[in-house]
Amino acid sequence: MQICYFSPGMKNFTENTQKRFADKKWRFTSGARNLARILENATSPLSVKSLVESLEAAERKMDTATVYRLLERFLEVRLVHRVANGFMPCTDPDNTSDSHHFLLCNSCGLAEEIFLDYQESISKQLQKEKDFRLSSVDLTFYGVCRHCRRK
Ligand SMILES: [Zn+2]
Ligand SMILES: [Zn+2]
């Protein structure tokens, strides 16, 4: 099994979002931009409630339904991931494999995306032993991050 590590947060997230919206012929509204700017800096999963609050604090008020609708689009183009009860920006949206997973700190809430290349082997095994055809895996690893371990 191979693990690739990326540091949390992705540069150019907002530009990337704009590009992907254009590919889909979706209008990149100011709302989409404001939401992207908040997600861009997320180091812990952001719930819909906290996104609505952050937008309001930034004087970019958006109703909950619009936040949901935009998040659905972000998910569709794989720019964000559902992690625990929130959302995190993807650090490598060009990686189209299903190997995106997260380490989540129980103590400070820091979420870090990792890429685990095991799906093919597990998929073969499940097919053989359970006659089960795997389509996707949703994995979050809970533990204590390096910063908290040093405290
Ligand atoms: Zn990702
Ligand atoms: Zn921590």
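Residues numbered from 1 in each chain as written. Chains lettered and ligands numbered in written order. Predicted model: local features only at pLDDT ≥ 70, side-chain atom pairs only at ≥ 80, totals over all residues. Heavy atoms only, no water.

Asker: Pulling in residues and values, what's your account of the overall build of the protein chain?
Answerer: What the protein chain contains, in helices and strands, is six helices and six strands. Reading the helices (α) and strands (β) of the protein chain from amino to carboxyl end gives β-α-α-α-α-β-β-β-β-α-β-α. When the backbone C-alpha atoms are referred to their principal axes, the protein chain occupies close to 55 × 45 × 25 Å. Out of the 151 residues in the protein chain, the part that is buried amounts to 42%. Sequence-distant contacts, at least 24 apart, represent 55% of the contacts inside the protein chain between residues at least 6 apart. Distance from the positive charge centre (23 side chains) to the negative charge centre (19 side chains) of the protein chain: 2 Å. (Helix = DSSP H or I, 4+ residues; strand = E, 2+ residues; numbered from the N terminus. Buried < 20%, exposed > 50% of the residue type's maximum accessible area, 1.4 Å probe, protein only. Contact = heavy atoms within 4.5 Å. Lys, Arg positive; Asp, Glu negative; His and termini not counted. Charge placed at Lys NZ, Arg CZ, Asp CG, Glu CD.)

Asker: Which residues make up the environment of Arg20, and what values go with them?
Answerer: With respect to the helices and strands, Arg20 occurs in helix H1 (residues 13–23). Taking the C-alpha atoms as reference, Arg20 lies 9.8 Å from Arg73; in sequence the two are 53 residues apart. Excluding residues that lie within four positions of it along the chain, Arg20 makes contacts with Val77, Leu79, Pro93 and Asp94.

Asker: So what's going on with the coordination of the zinc ion (ligand 1)? Which residues, and what values?
Answerer: Note on the zinc ion (ligand 1): its protein donors are His81 (NE2), Cys90 (SG), His100 (ND1) and Glu113 (OE). The metal-donor distances range over 1.8 to 2.2 Å. Taken together, the four donor atoms coordinating the zinc ion (ligand 1) and their angles of 97 to 136 degrees define a geometry best described as irregular. Between consecutive donors of the zinc ion (ligand 1), the numbers of intervening residues give the motif H-x8-C-x9-H-x12-E. Of this pair, His100 sits in strand S4 (residues 100–105) while Glu113 sits in strand S5 (residues 111–117); the two residues are 13 residues apart in sequence, bridging distant segments of the chain. Given the relative accessible area of 12%, His100 is considered buried. (Donors = N, O, S within 2.8 Å, 3.2 Å for Na, K, Ca; no water. Tetrahedral: all angles 85-135°; square planar, octahedral: opposite > 155°, others 65-115°.)

Asker: Which residues make up the domain arrangement of the protein chain, and what values go with them?
Answerer: For the protein chain, the domain assignment lists domain 1 (9–89) and domain 2 (100–150). Each of domain 1 and domain 2 has a C-alpha centre, and the two are 23 Å apart. Facing the eight residues of domain 1 at the interface are 10 residues of domain 2. Summed over both sides, the interface between domain 1 and domain 2 buries roughly 670 Å², with carbon and sulfur atoms accounting for 62% of that surface. Considering only the surface of domain 1 that becomes buried against domain 2, Thr43, His81 and Val83 emerge as the three largest contributors, covering 49% of it. Remark: the boundary between domain 1 and domain 2 carries zero salt bridges. Here domain 1 and domain 2 share four residue pairs in polar contact (both at pLDDT 80 or more) between them. Elements represented by at least two residues in the side of domain 1 that touches domain 2 include exactly strand S2 (80–83) and strand S3 (86–89). Split by residue class, the side of domain 1 that touches domain 2 holds five nonpolar, three polar and no charged. (Domains from an automatic or database assignment. Buried area = accessible area lost by both parts, 1.4 Å probe. Salt bridge = Lys/Arg side-chain N within 4 Å of Asp/Glu carboxyl O. Polar contact = N/O pair within 3.5 Å; in protein donor to acceptor, adjacent residues only side chain to side chain. Nonpolar A, V, L, I, M, F, W, Y, C, P; charged D, E, K, R; others polar.)

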